[in-house]
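Inside the fold
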Amino acid sequence: MIPTWSVVLAILVFGAVQYLFHGVLPHHKHELLPMRLLMGYSWGTAFASYVLLVGYVSRDVRRRRMPAGLWMLIVVVLPGGIGAVVYFLLRQPMLMPCPHCSTEIISSIHFCPQCQFQLAPVCGRCFRGVQITDVYCTQCGHDLAEDHAPARLRVYSD
């Protein structure tokens, strides 16, 4: 799910931070070596993780058919990961094609709005969603075996 360019860039960023803490910064006090190691690894991990997060958002925003340029700008510009939090709070749900008519629909619905194809099992009395392994509806207590559900959605019985 994370693109290859993001993984390579994260490795480079981690290496650059290590070079900064161990090669560029003065290290004439040897008693500070454990602190320098700790800071180098923690900051390197934080920056590399941020690069991986940006890579994930860049691929996820295209899967959800959202404006990629706008979201990448928000994620990169807002400081401290706030842009990524905003993205995860406001991102659109995944769309899937209806197996019957190929209309793009949200994956959490039970019937296709274009062709009324049943996508998930529902109770025959109250039409609320049920699990495929339920014998009775959890809302109204209806016996689900009495419903004439399509064969692919019938309740499993022993």
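How each quantity is defined
Throughout, residues of each chain are indexed from 1 in the direction in which the sequence is written. Under the rules for a predicted model, residues below a pLDDT of 70 receive no local features and side-chain atom pairs below 80 are neither given nor counted, while totals for whole chains, interfaces and linings still include all residues. Note that water and hydrogens are dropped before the side-chain values are worked out from all heavy atoms of the structure. A run of H or I in DSSP counts as a helix once it spans at least four residues, and a run of E counts as a strand once it spans at least two, with each numbered from the N terminus. Throughout, exposure labels follow a simple rule: accessible area from a 1.4 Å probe, protein chains only, divided by the maximum for the residue type, with under 20% read as buried, over 50% as exposed, and the rest as partly exposed. Counted as salt bridges are all cases of a side-chain nitrogen of Lys or Arg within 4 Å of a carboxyl oxygen of Asp or Glu. Think of a polar contact as two N or O atoms within 3.5 Å of one another; within protein, one of them needs to be a possible hydrogen donor and the other a possible acceptor, and neighboring residues in sequence only count if both atoms come from side chains. We call two residues contacting when some pair of their heavy atoms lies within 4.5 Å. Here the nonpolar core consists of buried residues drawn from Ala, Val, Leu, Ile, Met, Phe, Trp, Tyr and Cys, with membership extended through side-chain atoms lying within 4.5 Å. Axes here refer to lines fitted to C-alpha atoms; in helices the fit is confined to the stretch in contact. Angles between the N-to-C directions go from 0 to 180 degrees. Each angle is binned into one of four classes, with values under 35 degrees roughly parallel, values over 145 roughly antiparallel, values of 65 to 115 roughly perpendicular, and all other values oblique. The handedness criterion is simple: a crossing whose near helix is rotated anticlockwise from the far helix by less than a right angle is left-handed, and one whose near helix is rotated clockwise is right-handed. Only the six-membered ring of Trp is used, alongside the rings of Phe and Tyr, when aromatic pairs are assigned; centres must lie within 6.5 Å, and planes under 30 degrees apart are stacked while those over 60 apart are edge-to-face, with the rest tilted. Three classes are used: nonpolar for Ala, Val, Leu, Ile, Met, Phe, Trp, Tyr, Cys and Pro, charged for Asp, Glu, Lys and Arg, and polar for all others, with Gly counted as polar.

An unreviewed UniProt entry annotates the protein as Amidophosphoribosyltransferase of Tunturiibacter gelidiferens.

Along the polypeptide, Ala46 turns up in helix α2 (residues 33–63). Ala46 sits in the partly exposed class, given a relative accessible area of 42%.

For the rest of this paragraph, the subject is the pattern of salt bridges. It is possible for side chains bearing opposite charge to pair when their charged atoms get close. This model, assessed by the stated rule, comprises four salt bridges. Where Arg91 meets Asp60, a salt bridge forms, and the shortest distance between an N and an O atom there is 3.0 Å. Within this pair, whereas Arg91 is found in the loop between α4 (82–90) and β1 (95–97), its partner Asp60 is found in helix α2, the two being separated by 31 residues in sequence. Of the residues examined, Arg91 reaches a relative accessible area of 28% and is grouped as partly exposed. Members of the salt-bridge network, linked through shared partners, are Asp60, Arg63, Arg64 and Arg91.

Tracing the chain through its elements places Arg64 in the loop between α2 and α3 (68–77). Under the relative-accessibility criterion, Arg64 is labelled buried at 11%. A distance of 3.0 Å separates a polar atom in the side chain of Arg64 from a polar atom in the side chain of Asp60. Not counting chain neighbours up to four residues away, the residues in contact with Arg64 comprise Tyr87, Arg91, Gln92, Pro93 and Met94.

Our next topic: the nonpolar core. Judged by nonpolar contacts, Val54, Val57, Val61, Met66, Trp71, Met72, Val75 and Tyr87 together constitute the single largest core of eight residues. At the level of secondary structure, the elements contributing two or more residues to this core comprise α2 and α3. The contact partners of Met72, leaving out residues within four places of it in the chain, are Val54, Val57 and Ser58.

So, on to the packing of helix α1 (residues 4–24) against α2. If you want to describe how two helices pack, look at the angle between their axes and the distance between the axes. As a packed pair, α1 and α2 sit with axes 8 Å apart at the nearest point and diverge in direction by 160°. Taken together, α1 and α2 sit at an angle that is classed as roughly antiparallel. Viewed along their axes, α1 and α2 form a crossing whose handedness is right-handed.

In this structure the tally under the stated criterion is five aromatic pairs. Note on Trp71 and Tyr87: the rings are 5.4 Å apart at their centroids and 70° apart in plane angle, and the pair reads as edge-to-face. Of this pair, Trp71 sits in helix α3 while Tyr87 sits in helix α4; the two residues are 16 residues apart in sequence, bridging distant segments of the chain. Trp71 sits in the buried class, given a relative accessible area of 9%.

Structurally, Met39 can be placed in helix α2. Taking the C-alpha atoms as reference points, Met39 and Ala10, 29 residues apart in sequence, are found 17 Å from one another. Dropping the residues within four chain positions of it, Met39 is found in contact with Phe21 and Gly44.

With that settled, consider the packing of α2 against α3. Remark: α2 packs on α3, axes separated minimally by 9 Å, with the N-to-C direction vectors making an angle of 160°. With respect to α3, the element α2 is oriented roughly antiparallel. Note on packing geometry: the crossing formed by α2 with α3 is right-handed. Residues Tyr50, Val54, Val57, Ser58 and Val61 of α2 form the contact with α3, whose participating residues are Ala68, Trp71, Met72, Val75 and Val76. Considered class by class, the residues forming the contact of α2 with α3 number nine nonpolar, one polar and no charged.

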